[in-house]
Amino acid sequence: MSNRFLAVIPDFITDDLKPEREILGDIAEVVALGAHSEDELAGRIETADTIILYHDVSLTRHTIQRLEHCRLIVRGGVGIDNIDHRFARQRGITVANVPDYGSEEVADTAITMMLALARGVHLMNSRLRSAEGAWNHHHAVPLVRLRGRVFGVVGLGRIGTAAALRAKALGMDVAFYDPYKPDGYDKALGIRRVESFDDLLRQSLVVSVHCPLTDETRHTFNAETIALMPPRSYLVNTARGGIVDVAALPDAIASGQLAGAGIDVLEIEPPSEDHPLIVAWRDPSHPAHERLLINPHAAFYSEEGLLDIRTKSATACRRALTGLPIRNVVN
Ligand code: NAI
């Protein structure tokens, strides 16, 4: 019997595991399961010493209670909403994340989605490609100048701050709502703090969501709150699907309440074909067809960022297995 440790990667990574094996290979066997649901983990994860979890599956109490001697679960990423980290703590299992790999990429995606929508780039490209209408800007009328308009950030953490700085560079009036951020960041960044979520919505031409998914933030964007935003505003969500009730978006766009929405993350990924958002997005006759940008939870991704997550996650496992203190513990 081998006395090497076992490092299990349940989901998302299915290639040759070179980055992980370079860091862990001398002390641990590294195994990737390529699972798409938690059920697929049964019988394959119980003896893991460390686990590197991405975002295709969840680790609930059901699986965590069967782990025999796991020391560390690393979330290869930031959001920890797919791990029952409190229950893991009760079982003495440390949960850590990797907060420093893709903040800039996610902020770049949020700004890209805003610009593509607010400059009409996507809409005009789509219409002209299908040979619809005249070769002029009338497809996108009216577009407004971004300089001086409010870019509202919900959640001024790492990514929210990176997005705020980018919007500031575009000359926008950047405001944020974040009840947990100590005072002073408004001064340090030269942006405005807004005390209530509703107030932020009321003033923003663009709202960009950068808070975590928690019981408090679930569906905070819904038909009622979106109605607080100015007519013909934009909503961009690169944080977590459950924060925005996307079923409200087709009607909000059809009524002109929103002029567009950029959605990188959905509550269930991939979404079902008959989800109202997907149906409207695919339907050329629906007003949301060209005013919705949907991406497959890809905002984090760049070659450099992905390698960062993999090496940082594997390094965290190595530290746990060799008895060193763990960084970025979240439970
Ligand atoms: P962070 O922890 O640095 O920042 C989150 C901020 O949200 C904190 O300042 C916190 O105080 C604030 N916050 C918490 N509850 C709030 C509430 N109820 N209302 C307003 N603000 C609240 O996290 P980071 O790294 O900036 O990540 C932000 C989000 O982006 C997370 O939801 C994460 O899951 C998501 N994410 C998405 C990726 C993608 O590929 N689309 C990749 C990486 C992160």
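Up top is the structure these notes are about.
What you see is a predicted model; the values in this text were computed from it and never measured.

## Examining helix α6 (residues 158-169)
For α6, built from twelve residues, the straight-helix expectation of 16 Å at 1.5 Å per residue is met to within 8% by its first-to-last C-alpha distance of 17 Å. Considered for burial, the residues of α6 that qualify are Gly160, Thr161, Ala162, Ala163, Ala164 and Ala167. Against α4 (103-118), β6 (150-154), β7 (173-177) and α7 (185-189) lie the buried residues of α6. The first or second residue beyond α6 is glycine 171, which carries a positive phi of 85 degrees.

## So, the packing of aromatic side chains
Following the criterion strictly, the structure yields five aromatic pairs and no others. Their ring planes at 75 degrees and their centres at 5.2 Å tell us that phenylalanine 197 and phenylalanine 221 sit as a pair that is edge-to-face. Of this pair, phenylalanine 197 sits in helix α8 (residues 197-203) while phenylalanine 221 sits in the loop between β9 (206-209) and α9 (223-226), and the two are 24 residues apart along the sequence. You can call phenylalanine 197 buried: its relative accessible area is 15%. Put simply, the rings of Phe12, Tyr54, Phe300 and Tyr301 touch in pairs and so form one group of aromatic residues. Positioned above the aromatic ring of tyrosine 185, the side-chain terminus of lysine 181 is 4.2 Å from the ring centre.

## Quick notes on the nonpolar core
Ranked by internal contacts, the top residues of the largest apolar core, which has 33 residues, are Val154, Phe221, Leu235, Leu249, Leu258 and Leu277. For this core, the secondary structure elements donating two or more residues are β6, β7, α8, β9, α10 (249-254), β11 (258-263), α11 (276-282) and β12 (292-294). Discounting residues that sit within four places of it in the chain, phenylalanine 221 has contacts with Val154, Phe197, Leu201, Val207, Val209, Leu235, Ile243, Val244 and Asp245. Among the nonpolar cores identified, the runner-up in size contains 27 residues, and Met113, Val153, Ala163 and Tyr234 belong to it.

## Concerning the site of the ligand
Near the ligand lie 27 residues; those nearest to it are Ile159, Asp178, Cys211, Thr238 and Asp264. Within the backbone of glycine 157, an N or O atom sits 3.4 Å from an oxygen atom of the ligand. Considered on its own, the ligand offers 870 Å² of accessible surface; in the complex 89% of this is hidden by protein. Here the residues of the shell around the ligand are counted per class, giving 15 nonpolar, seven polar and five charged. Looking at which domains feed residues into the shell around the ligand, each of domain 1 (5-101 + 303-321) and domain 2 (103-294) gives three or more.

## Description of the pairing of strand β10 (residues 233-237)
For a regular strand, side chains alternate in direction, first toward one face of the sheet and then toward the other. With five of five residues buried, β10 lies mostly within the body of the structure. Of the two faces of β10, the one carrying Ser233, Leu235 and Asn237 and the one carrying Tyr234 and Val236 are both buried. Across four bridges, the pairing between β9 and β10 is parallel. Note on β10: the bridge partner recorded for valine 207 is leucine 235. Pairing geometry for β10 and β11, over five bridges, is parallel. Along β11, the bridge assignment pairs asparagine 237 with isoleucine 263. The β-α-β motif built from β10, the intervening α10 and the parallel element β11 has right-handed crossover chirality.

## Some words on the pairing of strand β5 (residues 94-97)
By the alternation rule, side chains of β5 split into Thr94 and Ala96 and Val95 and Asn97, which are all buried. Two strands pair when backbone bridges link them, and strand β4 (residues 72-75) and β5 are joined in this way by four bridges, in the parallel orientation. Pairing of arginine 75 across the sheet is with asparagine 97, part of β5.

Rules used throughout
- Residues numbered from 1 in each chain as written.
- Predicted model: local features only at pLDDT ≥ 70, side-chain atom pairs only at ≥ 80, totals over all residues.
- Heavy atoms only, no water.
- Helix = DSSP H or I, 4+ residues; strand = E, 2+ residues; numbered from the N terminus.
- Expected span 1.5 Å × (residues − 1).
- Buried < 20%, exposed > 50% of the residue type's maximum accessible area, 1.4 Å probe, protein only.
- Contact = heavy atoms within 4.5 Å.
- Phe/Tyr/Trp six-rings, centres within 6.5 Å; stacked < 30°, edge-to-face > 60°.
- Lys NZ or Arg CZ within 6 Å of the ring centre and 35° of its normal.
- Core = buried A, V, L, I, M, F, W, Y, C linked by side-chain atoms within 4.5 Å.
- Near = heavy atom within 4 Å.
- Polar contact = N/O pair within 3.5 Å; in protein donor to acceptor, adjacent residues only side chain to side chain.
- Areas by Shrake-Rupley, 256 points an atom, 1.4 Å probe, with all protein chains shown as cover.
- Nonpolar A, V, L, I, M, F, W, Y, C, P; charged D, E, K, R; others polar.
- Domains from an automatic or database assignment.
- Pairing = 2+ DSSP bridges.
- Right-handed = clockwise from strand over helix to strand, strands pointing away.

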